[in-house]
Amino acid sequence: MVKIELAKAYNAAEVEDAIYEKWEKSGFFNPDNLTEAKDPFVISMPPPNVTGILHLGHAFENSLMDVEIRYQRMKGKKAMIVPGTDHAAVATQARVEGDLKKQGIANPRQELGREKLLEKIKEFAENQKSIILGQIKKMGTSCDWSRLAYTFDEQRSEAVNELFKMMYNDGLIYRGYRVINWSVKGQSTCSDDELVYVDQLTKIYTFKYGKDFPIAIATTRPETKLGDTAVAVNPKDDRYKQYIGQKFTVDVGAKNSLTITVIADDGVDTNYGTGAVGVTPAHSPVDFEMYQKNKDIGIIPVIGKDGKMTEEAGVNYAGLDVLEAREKFVNWLRENDLLLKEEDLTHSVGTSDRFGDVVEAIPMEQWFVDVNKKVKERGMSLKELMREAVTRGHNGNSDKIINITPDRFKTIYLHWIDNLRDWCISRQIWWGHRIPVWYCDDCDQIFYGSENPGACPKCESIKIRQDEDTLDTWFSSGAWTFSTLGWPAETQDLLTYHPTSWMQMGYEILFFWMARMILMTTYALDDIPFRDVYIHGILRDKNGKKFSKSLGNGLDPIEIINKYGTDALRLSLLRGTSPGNDMRFYEEKVEGARNFVNKLWNISRFIIQSIDSPKIIDKTPVIKTLADQWILDKLNSITKSVTEELDKFNFSGAIDYLWEFTWADFADWYLEIAKVEGNKEEILLYILQNLLKLWHPFIPFVTEELWKNFDDKNLLMIAVWPKFIDQKPSDADENFEWIKNIITIIRNLRSENKVEPAKKISAIIISDKIKLLENQSEIIKKLARLENLSIIKKGDKPANSVGSAIGSTQIYIELASAVNAEVEVKRLQKEISELDKYAVGIEQKLKNEEFLKNAPEAIIKKEADKLKEAREKIEKLTLQLESLK
RNA sequence: GCACGCCUAGCUCAGUUGGUUAGAGCACCUCGUUUACACCGAGGGGGUCAGGGGUUCGAAUCCCUUGGCGUGCACCA
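Please read these numbers as outputs of a predicted model, since none were measured by experiment. (Residues numbered from 1 in each chain as written. Chains lettered and ligands numbered in written order. Predicted model: local features only at pLDDT ≥ 70, side-chain atom pairs only at ≥ 80, totals over all residues. Heavy atoms only, no water.)

Turning our eyes to something else, we now look at the nonpolar core. Ranked by internal contacts, the top residues of the largest apolar core, which has 145 residues, are Phe666, Ile687, Trp695 and Phe698. Counting residues per element, this core draws most heavily on helix α18 (residues 651–677), which supplies 13 residues. Not counting chain neighbours up to four residues away, the residues in contact with Trp695 comprise Leu571, Phe596, Leu600, Ile655, Leu658, Trp659, Thr662 and Thr703. Membership of the second largest hydrophobic core comes to 61 residues, among which are Val371, Phe409, Tyr497 and Ala524. (Core = buried A, V, L, I, M, F, W, Y, C linked by side-chain atoms within 4.5 Å. Buried < 20%, exposed > 50% of the residue type's maximum accessible area, 1.4 Å probe, protein only. Helix = DSSP H or I, 4+ residues; strand = E, 2+ residues; numbered from the N terminus. Contact = heavy atoms within 4.5 Å.)

Okay, structure coming up:
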């Protein structure tokens, strides 16, 4: 074999693209090619929105998914990430319309029309898509590209239509006149979950509708009061209950007069405000509910889709902007002595997450998913299905429980379900799945149809038209875990790979997405969408601010990758993070990870260059020395720990074990020892190869690149995950740690006494562990830079020496010049006094009868051993101190 | 208003059933170019785990409470 030359430093940019290509060509991203693998392990990739290119948050998600999938693949699972992108209905249309406006097209919808605008959006989306897919590859994510999906492709559209049809036929989707959230700017509805609440300082006005009206009410929206049809009071309220059922006609200065009925409602808090509520059915969801119980009070919409006052608001107001109307009405109240109070109030208002404007509550005909209606043949509502999947398990089956990490999000999710109202799914935009419903203009028949049915099924008229609206993007996202596997067709993929195994997502889309996937899957497939959900926090910048375009603090992951390598980025994103918590991102972190990757490279470089023929070592090598035993035991033990941490999805914990072992135990200690003891080819290769396997899920590129030095035929990517060997524990760890300790003490003595680092000196160790020390004397001499080392059983402190102790063992180094007694006395005194405090603490514990009675025996023994060791050390140090005086 | 989370070394954070003298990375101090690595090595300093109380033989960890920061939901009459 030719001697391999490795570069002095790992250059990620040079090798990554080629490695990814090799992986992709191998076909092993597709689990169907993992012929020896058994159980499936599937991750549905949360499809990135085609609104923009990927940011660091995506890099983080890709790192999480890829670590998990590579781990499972190496564990012998049919591992698969199903990749895809999301058409992101409103978000994408809003983005493209915004761009068009900047280009001078003031009103894209009117100027371009449906077809043209859709074409523009499609062009944009396709362009973004190809950029995004390239980025995902850069991040090293091992997706099965043969199963690439898009929420808006033909297959997924079929799933959406089928789902709609099922729900429509089951009466779970209905068209109804309800108060919905309306974005004037976007000219579309949005669901309750799409609102972003912001605090707003406003005024709250207390007034009476008229001089003769007996009850005062308060409002922050006086202009909507032109649409009031009732006043609600608590039926137990003595002040008002006499008026319940009475009707009052009031003049509100709007030319039209209002008829206000006093109604009873248990929900009214008698202690809050005036204890009475003005009821505006058209512009408040809560009031609308009261109206539905008391339809005869009537409903008067006074604000229109354009955000201006309607004709019904009265001729004095029609056409006015809401703020103008507010001012006008308040002035009128004031002039007529009806305004009782005017106070400042901070309250939160809902704004559209995509268009940014404060939404208006307006009543309209829209499509809804009924979450409270019992599903046919299930005896349960969608709400109840959503609850069951995370509590007792789907259909009461404890094997079908969705496990949420960290589990506090389960509580948050359940609380959200409690407050859930019917889901408004129709949007007045064009980019999205068109609602598969048709209307007959001749007989008013409404019927389902994913394609143009040609004629009305009832009256055969051809004057039919499809609903103009499109579906909420989350309607299609909700089907993602199964639409990507071929549903509604009964595919082999569905049989093999559903339910999926693991899902990760940020907590900010818990309600949008997780909830809807659970809803859709439990309903349509009578199953859960996934077994485990890992909820992660959001990435923030150095100062804790959210990354955002408007703040201009966004970082392009590809730039980071070009500078530090993908492995470094992945490692930095996963290290020191915990599920559910936000984390800060800063470049120094990536730099540290890059340094580690380089360290691993150089460890390998050293090993590869120091041996003749690199080969695969798959059997535990022969153990020759204590150090060998120690490092192999340690490798075995961290193999167990890393596996356990990964099984708990604790990626950071797994990294900590690996990092510590690789850098400290293996590089700093064992490699140095290998230089002394020599002849360790097999052990070095064995440990390195196991390390490459254990590290591979986290830093796939550098490990794969190194692996080819040992095996240029098989990919590390499908190597078998190292197994923990369950063996009798040896005392190698204890003994070797003790030797390490002695070396550290000598190094410390040298440093404190300003011995030149390169200078070789003499040392004396007085101990009864003669044999152990003699066996390890070469290592001690080399690593502590000793010329001579005397190991004796009994003796006195040598002249011109300084020393320390571990337990009863004393360690001295000889100094060339006289000892600075004063400094040495101080040092020893300090050490003794600290040690004494420590020992006294343990002593008290051991004197405590309660402790002795209650604590486990192992703990008591540990404490006793600690005390013995400390006391012995104090004794030896005291002797040293006395000899100086 | 209700709920949840966070407050651990100068900074960023781990710390999963309560039990080592509480850890890591970066930063800092001293020393060092020993051919795997200066993207490095050796040694070191630095924390009453936000404050107070409680449970316990034993608390960063469990409970109560105060304060600060953040988030979700509700309210928004």
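The subject of this paragraph is the confidence of the model for chain A. Looking at chain A as a whole, its pLDDT mean stands at 93, while 100% of the residues score no less than 70. Scored by ipTM, the complex comes to 0.96, with pTM at 0.95. (pLDDT = per-residue confidence, 0-100.)

Near RNA strand B you find 55 residues, and of these Ala218, Ser348, Asn602, Asn650 and Trp663 are the closest. What you see for RNA strand B is that sugar and phosphate hold 63% of its atoms within 4 Å of the protein. In this structure, a sugar or linking oxygen belonging to RNA strand B sits 3.2 Å away from a side-chain N or O atom of Tyr586. The separation between a sugar or linking oxygen of RNA strand B and a polar side-chain atom of Ser751 is 3.4 Å. Looking at the surface near RNA strand B, the element that brings in the most residues is helix α16 (residues 587–610), giving 9 residues. Here the residues of the surface near RNA strand B are counted per class, giving 19 nonpolar, 18 polar and 18 charged. (Near = heavy atom within 4 Å. Polar contact = N/O pair within 3.5 Å; in protein donor to acceptor, adjacent residues only side chain to side chain. Nonpolar A, V, L, I, M, F, W, Y, C, P; charged D, E, K, R; others polar.)

Take the pattern of salt bridges next. Across all of its chains, the model carries 60 salt bridges by this definition. We note a salt bridge from Arg871 to Glu843, for which the minimum N-O separation is 3.2 Å. Taken together, the positions of Arg871 in helix α26 (residues 857–884) and Glu843 in helix α24 (residues 821–847) put the pair 28 residues apart, joining distant regions of the chain. Here Glu843 falls in the partly exposed class, since its relative accessible area comes to 25%. In this structure, Lys866 engages Glu863 in a salt bridge whose closest nitrogen and oxygen atoms are separated by 2.9 Å. Here Lys866 pairs with Glu863, and both are found in helix α26, just 3 residues apart, close to one helical turn. Owing to a relative accessible area of 33%, Lys866 belongs among the partly exposed residues under this scheme. The network of salt bridges with shared partners includes Lys634, Asp665, Asp733, Glu737 and Lys740. (Salt bridge = Lys/Arg side-chain N within 4 Å of Asp/Glu carboxyl O.)

For the rest of this paragraph, the subject is the environment of Ser348. Tracing the backbone shows Ser348 in strand β13 (residues 339–352). The class of Ser348 is partly exposed, set by a relative accessible area of 40%. Between the C-alpha atoms of Ser348 and Val198, which are 150 residues apart in sequence, the distance is 5.1 Å. The contact partners of Ser348, leaving out residues within four places of it in the chain, are Tyr197, Val198 and Asp199.

Assignment of secondary structure puts Arg70 in helix α2 (residues 56–74). At 2.9 Å, the side chain of Arg70 and the backbone oxygen of Gly140 are in polar contact.

Two numbers describe how helix α5 (residues 154–169) lies on helix α13 (residues 510–524): the axes approach to 11 Å, and their chain directions differ by 70 degrees. Classified by the angle their axes make, α5 and α13 are roughly perpendicular. Taken together, the residues of α13 that come into contact with α5 (itself represented by Leu163, Met166 and Met167) are Leu519, Met520, Tyr523 and Ala524. In the contact of α5 with α13, the residues fall into 7 nonpolar, no polar and no charged. (Axes fitted to C-alpha atoms, helices over the stretch in contact; angles between N-to-C directions. Parallel < 35°, antiparallel > 145°, perpendicular 65-115°, else oblique.)

In this section: helix α1 (residues 12–26). For α1, spanning 15 residues, the distance from its first C-alpha to its last is 21 Å, which sits close to the expected 21 Å at 1.5 Å a residue. Within the sequence span of α1, burial applies to Ala12, Val15, Glu16, Ile19, Tyr20 and Trp23. For α1, the arc enclosing every buried residue in end-on projection is 140 degrees, short of the 170-degree limit, so these residues lie on one face. Residues Glu14, Ala18 and Lys25 are exposed on α1 and point more than 90 degrees away from its buried face. Of the surrounding secondary structure, the elements contacted by the buried residues of α1 are α2, α4 (108–138), α14 (557–564), α15 (566–574) and α20 (700–707). Where α1 begins, the side chain of Asn11 points an oxygen toward the backbone nitrogen of Ala13, at a separation of 3.3 Å. Two residues or fewer past α1, Gly27 is found with a positive phi of approximately 85 degrees. (Expected span 1.5 Å × (residues − 1). Arc of directions from axis to C-beta.)

Right, let's get into unusual backbone geometry. What you tend to see is this: most non-glycine residues have negative phi, and most peptide bonds are trans. Each neighbour pair has its own omega, and for Trp487 with Pro488 the value is 15 degrees, a cis peptide bond. A cis amide bond links His498 with the next residue in sequence, Pro499, at an omega value of 0 degrees. You can see Pro499 is positioned in the loop between α12 (492–497) and β24 (500–506). A positive phi is found at Ala88, a non-glycine position, where the angle reads about 50 degrees. Position of Ala88 relative to the elements: it lies in the loop between β3 (84–85) and α3 (89–102). Of note in the backbone geometry, Gln187 takes a positive phi value of approximately 50 degrees without being a glycine. With respect to the element layout, Gln187 can be found in the loop between β5 (173–183) and β6 (188–190).

For strand β7 (residues 195–207) and β13, the ladder comprises 13 bridges, and the chain directions are antiparallel. Pairing of Phe207 across the sheet is with Leu339, part of β13. Direction of pairing for β7 relative to strand β8 (residues 217–219): antiparallel, over a ladder of 3 bridges. Bridge pairing links Thr206 to Ala218 in β8. (Pairing = 2+ DSSP bridges.)

The next point concerns the packing of aromatic side chains. Taken as a whole, this structure holds 37 aromatic pairs when the rule is applied. For the pair Tyr20 and Trp23, a centre-to-centre distance of 6.0 Å together with 75 degrees between the ring planes defines the contact as edge-to-face. One end of the pair is Tyr20 and the other is Trp23, both in helix α1 and 3 residues apart, which spans about a single turn. Grouping residues by exposure puts Tyr20 and Trp23 together as buried. Ring geometry for Phe596 and Trp663: centres 5.9 Å apart, planes at 45 degrees, overall tilted. Placement of the pair is Phe596 in helix α16 and Trp663 in helix α18, with a sequence separation of 67 residues. On the basis of relative accessibility, which here comes to 0%, the residue Phe596 falls in the buried class. Linked through ring pairs, Phe207, Tyr209, Phe213, Tyr243, Phe248, Phe329 and Trp332 together constitute an aromatic cluster. Residue placement shows Lys137 over the ring face of Trp145; its charged tip is 5.2 Å from the ring centre. For Arg575, the ring lying beneath its charged end belongs to Trp659, and the centroid distance is 3.6 Å. (Phe/Tyr/Trp six-rings, centres within 6.5 Å; stacked < 30°, edge-to-face > 60°. Lys NZ or Arg CZ within 6 Å of the ring centre and 35° of its normal.)

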